Amino acid sequence: MDYKTFLETIYQRHSSNVKLGLDRMEAILERMDSPHEKLNGLHIAGTNGKGSVAAMCEAMALEHGQTTGMNTSPHLIDYCERFRINGRNIDYRKLLETYFAWQKDFDETEASFFEISTAMAFDIFHRQRLDTAIFEVGLGGRLDGTNPFRSTVTVITGISIDHPKSLGDSIELVAREKAGILKESTPLVMGRMPDAAREVILEVACERHVPVMQYGIDFEARNIETSTSGTRFDYRSKALGIELNDLCVNLLGEHQAINASTALTALITYMNRRGLAYSEDKIRGALQKVNWMGRMQILNTKPTVIIDGAHNEEGVQALVGNVRKMFPSNRLLFVVAILRDKRLDRMIEDICTVADRIYITKNQSDRAADIEEQADVARSTKTPFEIAEGVVNTVGKAVDSAADDDIVVITGSLYTISEVLAADMFKRKEKEA
């Protein structure tokens with residue numbers, strides 16, 4: 001079986017096996033001799049920001065000489081992105097080797113696509129004897145395939161409503177699902193979140209004797225400034241007794257300062273628990289080397305083209321706020337393609353508060369919202385808009401119509417930005433110039 005056939009097999013044969021519950025995952029891991037119980041590392045949940053926090057923790061751990069494994073989802077271009085070893089995507093041959101070793105068990109347990117991916121990550125990270133494993137929760141937490149991980153530190157980045165059919169349609173219900181990853185006495189680092197979510201998580205933490213550090217109480221980011229070169233901030237932690245001024249993370253947006261302070265608190269807590277020393281200089285260096293695509297990522301200049309994977313109301317609000325502050329006098333053109341199971345009316349309405357024009361299209365996901373459904377919302381706001389078929393084609397239209405000092409923002413879904421990244425259209429333009 002080659003790599004292409006392997007991908008077709010796990011997508012087509014296993015993608016329909018999604019069922020809530022951990023029975024199958026636990027059965028697979030037991031057959032693997034419980035690699036999830038033999039790893040040190042961080043387990044990260046949250047509605048938004050968990051991927052960025054994972055990537056920041058990875059960068060800081062690597063800078064301190066740790067060997068790392070990071071498991072995230074979804075991927076943007078290639079499935080191998082879900083498995084990073086020491087900051088690099090895994091070689092596909094290692095994935096094939098691992099899949100074949102456990103294929104019979106995956107088939108017998110009727111494992112889902114996500115369960116297979118997560119189980120392989122546990123097995124690979126353990127067999128590679130990596131110092132630090134970082135797992136990003138896929139969906140929710142309580143019933144997520146990553147939940148069996150016996151992490152050294154737990155992180156919940158933030159809470160808002162997303163996937164209401166699976167996680168609930170209230171902040172409290174979503175928070176309880178996320179809190180399902182808390183383990184007895186394992187420290188928790190909490191990012192910025194609504195009070196209603198905080199109260200639920202603290203209640204679960206108390207029941208499980210979990211020590212907690214909270215954003216805004218035990219640590220915070222201050223004096224946040226963002227530009228096209230990165231995000232600067234000061235870090236304070238009463239709990240850890242640390243003050244670090246004028247840090248700069250290479251990810252854009254005020255929310256990334258909050259994510260960075262959360263990651264910094266989690267990483268230092270992790271190193272303290274393992275008896276490892278941290279270095280201020282290495283922290284500073286690591287934050288400049290974070291490898292995380294698709295989050296306010298600039299792909300082009302003249303015009304400036306930005307992709308951002310905002311895929312829910314909170315994410316879009318952060319994007320809109322950052323774009324408004326970073327480019328207060330520029331003309332803003334948005335290319336939008338959202339999934340139909342999102343609150344697309346609120347997302348598009350928020351975008352229309354700053355957009356001079358919107359280009360509406362449909363991505364290739366089976367869950368993609370119809371173009372006309374999205375256009376109806378834009379029409380109701382009286383924001384000028386155009387509709388077009390295909391994400392890449394629509395981006396081309398927006399860029400061709402833009403002046404050199406205009407800003408083109410592509411957003412609405414990770415599926416949307418993945419199509420742009422896969423097309424590699426801006427790099428080709430640079431080569432042709």
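A few points on the structure.

Definitions and cut-offs
- Residues numbered from 1 in each chain as written.
- Predicted model: local features only at pLDDT ≥ 70, side-chain atom pairs only at ≥ 80, totals over all residues.
- Heavy atoms only, no water.
- Helix = DSSP H or I, 4+ residues; strand = E, 2+ residues; numbered from the N terminus.
- Buried < 20%, exposed > 50% of the residue type's maximum accessible area, 1.4 Å probe, protein only.
- Core = buried A, V, L, I, M, F, W, Y, C linked by side-chain atoms within 4.5 Å.
- Contact = heavy atoms within 4.5 Å.
- Axes fitted to C-alpha atoms, helices over the stretch in contact; angles between N-to-C directions.
- Left-handed = near helix turned anticlockwise from the far one by under 90°.
- Nonpolar A, V, L, I, M, F, W, Y, C, P; charged D, E, K, R; others polar.

Another aspect to go through is the environment of D376. Inspection of the secondary structure puts D376 in helix α13 (residues 371-381). Among the residues examined, D376 registers a relative accessible area of 42% and is labelled partly exposed. Through-space distance from the C-alpha of D376 to that of M296 is 26 Å; in sequence the pair is 80 residues apart.

Attention now goes to the nonpolar core. L42, M60, V155, F233, Y235, L264 and V290 are the most contacted members of the largest nonpolar core, which totals 41 residues. At the level of elements, β1 (41-45), α3 (50-63), β6 (153-156), β9 (219-227), β10 (230-237), β11 (242-249), α9 (254-273) and α10 (280-287) are the ones that each hand at least two residues to this core. The leading source of residues in this core is α9, at 10 residues. Contact partners of L264, with chain neighbours within four places excluded, come to M60, Y235, L244, L247 and I283. Core analysis: the second largest hydrophobic core is formed by 32 residues, L29, M32, Y79 and F135 among them.

All right, on to the packing of helix α7 (residues 171-178) against helix α8 (residues 195-207) then. Where α7 meets α8, the closest approach of the two axes is 8 Å, and the angle between their N-to-C directions is 35 degrees. In this structure, α7 meets α8 at a crossing whose hand is right-handed. Contact with α7, carried on its side by I171, E172, A175 and R176, involves A196, A197, V200, I201, E203 and V204 of α8 and no other residues of that element. When grouped by side-chain class, the residues that make up the contact of α7 with α8 number seven nonpolar, no polar and three charged.

What follows deals with the environment of K289. With respect to the helices, strands and loops of the structure, K289 is situated in the loop between α10 and β12 (297-300). When the C-alpha positions of K289 and A55 are compared, they lie 9.7 Å apart, and in sequence the two are 234 residues distant. Look past the residues within four positions of K289 in its chain and what remains in contact with it is A59, E63 and N250.

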